[in-house]
Amino acid sequence: MLGLSQNIDLGTISLASASISLDEVTVNASAIRNTADRKIAFPTSEQKAASSNGINLLNALMLPRLEVDPIRNSVSLSNEGTIQFCINGIKVELSDIRGLSPQEVIRIEYHDNPGLRYGNADIVLDYIVRRPDTGGSFGLDMAQGINSMWGEHNAWGKINHKNSEWGASYRIGPRDFYGMKRNNEEEFHLANGTTLNRVEIGEPSRARLFMHNLNVNYSYQKPDKYMFNATFRYRNNHQPHWDYQGVLMNKANPEDKVDMIDLSGSAYQAPALDLYYQRDLKHNQTLVFNVVGTYNQTKSTRIYQESKHEQLLTDVNNVVDGDKYSIIGEAIYEKKLTNGNRLSGGLRHNQSFSDNSYINGHNYKTHMEQMESSVYAEFKGKVKKLDYSLGVTVNRSSYSQRGEDADYERYTVSPRLTLFYALPGESSIRLKSTMGM
């Protein structure tokens, strides 16, 4: 190789220019953004494509404290708390999330300090979805067991035209199991000081259940002005069989055995009408009015028998019939202040009437009335990296029961003060203090 020991002038070298055209440029931001009072999760297109409904999408996002079961289409908290679901700020039920198309979801807002507006909810999940001006969407999600009658079938659809939206969803969950059995152990402490231990040896029996959920809704919205939403819901659970049978054996004397049957059945239906109105005012103020009327009809039966050598030793036959009417009304005021601060207040009232009939050799009827009213005010603020909220609630409740041989009444007033502190971040420190009288 020839080495160079001095500078060499190569003259002028010309470079030819060239351009390359790119089809598209994608900039990916963080999937989860933390704000003062919530986490905001933005699902990716891949997560939406791999999900069949709003619950599957929630499973893909892996938000803290949530336990999502995509097989049963259920969501729970690790500490057995309460979750409230919303769509565009409107309170909905889990079945509405099952009928939500992932492609419509813009983001999910996760509130782990939802405040007094949401009552006793520990977590609030608000799905922010897009509303097309014109068009519609339809979906079907079906899961069916092969070796047993187990199914989860959901169908939903929406039609949009200008400011209006019509929607409907239906879910059926059939269950029919043969060969179900129960193994149990029980211990009795008798009045004479002795103890009886029995072991239940289960034999194949049957469980049968059908669940139906129907939602029909209409909404009218003018952005930044007002929104009205009316939803009719119908829930029906029919459980004709939830049966157990087997042999009860005395552990001290294995030859001492009795035959046992435990047969249960129930039926439940609940139509409800939910009316929601939200008005956006000047200076970042919002008014919300919500009224929900519900009728619940329940019936349950149970037959429990123990026999030995075809001689009936124990015979329990219970029938419970119930009818309940309830109405819930709520008015909320909220104002957004500077620096993320927020002031809110509201009124709630819940009134219900129940008639129950208990049949077990005798027919006993009761009439119950329950009432609960509350007023609250709350201020949420932020000082540097410290989030805090101060809330005051006053509850007034009454309860009365009228029966054939007994009357009972209760009346309470309970003020409550709540303080909440939080340091933001992935590893946050949260302190909550509640004082009541």
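You'll find the structure just up there.
How each quantity is defined
Residues numbered from 1 in each chain as written. Predicted model: local features only at pLDDT ≥ 70, side-chain atom pairs only at ≥ 80, totals over all residues. Heavy atoms only, no water. Pairing = 2+ DSSP bridges. Helix = DSSP H or I, 4+ residues; strand = E, 2+ residues; numbered from the N terminus. Axes fitted to C-alpha atoms, helices over the stretch in contact; angles between N-to-C directions. 1 Å grid on protein atoms, 1.4 Å probe; cavity = no way out; pocket = protein on both sides within 12 Å on 5 of 7 lines; lining within 4 Å. Points joined across faces, edges and corners; volume = space filled by probe spheres on them. Nonpolar A, V, L, I, M, F, W, Y, C, P; charged D, E, K, R; others polar. Phe/Tyr/Trp six-rings, centres within 6.5 Å; stacked < 30°, edge-to-face > 60°. Lys NZ or Arg CZ within 6 Å of the ring centre and 35° of its normal. Contact = heavy atoms within 4.5 Å. Buried < 20%, exposed > 50% of the residue type's maximum accessible area, 1.4 Å probe, protein only. Core = buried A, V, L, I, M, F, W, Y, C linked by side-chain atoms within 4.5 Å.

(A) Just the sheet that holds strand S6 (residues 90–92), in detail. Taken in spatial order, the 6 strands of this open sheet run S1-S2-S7-S8-S5-S6, and their pairing is mixed. Either end of the sheet is taken by a strand with one partner, and the two such strands are strand S1 (32–34) and S6. Sheet twist, expressed as the average angle between the axes of neighbouring strands with direction ignored, equals 25 degrees. Direction of pairing for strand S2 (residues 39–41) relative to strand S7 (residues 105–111): antiparallel, over a ladder of 3 bridges. Along S7, the bridge assignment pairs Ile40 with Glu109.

(B) Representation of empty space enclosed by the protein in the model. Within this structure, the stated rule accounts for 2 cavities of 30 Å³ or more. Counted as a void, the largest cavity has a volume near 380 Å³. What lines the largest cavity is a set of 25 residues, and nearest its centre among them are Ile87, Val92, Lys158, Glu165 and Asn217. Breaking the lining of the largest cavity down by element, the ones donating at least two residues are S6, strand S10 (149–161), strand S11 (164–180), strand S14 (205–222) and strand S15 (226–250). Broken down by class, the residue content of the lining of the largest cavity amounts to 8 nonpolar, 10 polar and 7 charged. Taken as a whole, the second largest cavity spans an internal volume of roughly 50 Å³.

(C) Region of the structure containing the packing of aromatic side chains. What the rule picks out here adds up to 4 aromatic pairs. Here the aromatic rings of Trp166 and Tyr218 are separated by 5.5 Å at their centres, their planes lie at 50 degrees, and the arrangement is tilted. One end of the pair, Trp166, is in strand S11; the other, Tyr218, is in strand S14, with 52 residues separating them in the sequence. Clustering of aromatic rings is evident, with ring pairs tying together Tyr220, Tyr226 and Tyr277. A cation over a ring is seen here: Arg182 above Tyr244, with NZ or CZ 4.3 Å from the ring centre.

(D) Up close: the environment of Ser307. By the secondary structure assignment, Ser307 is in strand S17 (residues 285–308). The spacing of Ser307 and Leu248 is 59 residues in sequence and 10.0 Å in space, taken between C-alpha atoms. Among all residues touching Ser307, those that are not within four sequence positions of it are Val258, Asp259, Leu312 and Leu313.

(E) Region of the structure containing unusual backbone geometry. Positioned with a positive phi, Arg65 is a non-glycine residue whose angle comes to about 75 degrees. By secondary structure assignment, the location of Arg65 is in the loop between helix H2 (54–61) and strand S3 (66–69). Judged by relative accessible area, which is 33%, Arg65 ranks as partly exposed. Of note, Glu310 is a non-glycine position whose phi angle comes to about 65 degrees, a positive value. Structurally, the position occupied by Glu310 is in the loop between S17 and strand S18 (311–336).

(F) Examining the pairing of strand S20 (residues 363–383) more closely. Bridging between strand S19 (residues 342–359) and S20 involves 18 bridges; their strand directions are antiparallel. Paired with Tyr358 across the bridge in S20 is Tyr364. In textbook terms, the turn of a hairpin is the stretch between consecutive antiparallel strands, and for S19 and S20 this stretch comprises 3 residues, one of which, Gly361, has a positive phi near 85 degrees. Where S20 meets strand S21 (residues 386–403), 18 bridges bridge the pair, whose relative direction is antiparallel. In the strand pairing of S21, Glu372 is matched with Ser397.

(G) Representation of H2 in the model. Counting buried residues along H2, 6 of its 8 residues qualify, which places the element largely inside the surrounding structure. Backbone geometry just after H2 places Met62 at a positive phi near 55 degrees.

(H) Up close: the nonpolar core. Grouped together as the largest cluster of nonpolar side chains are 24 residues, with contacts concentrated most on Leu58, Leu66, Val75, Phe85, Leu125 and Tyr127. Among the elements of the structure, H2, S3, strand S4 (74–77), strand S5 (83–87), helix H3 (94–98), S7 and strand S8 (123–129) are those that each provide at least two residues to this core. Every residue in contact with Leu125, bar those within four places of it in the chain, is listed here: Leu58, Leu63, Leu66, Ile83, Gln84, Phe85, Cys86, Ile108, Glu109 and Tyr110. Listed in part, the 7 residues of the second largest apolar core include Met227, Val288, Ile332 and Tyr376.

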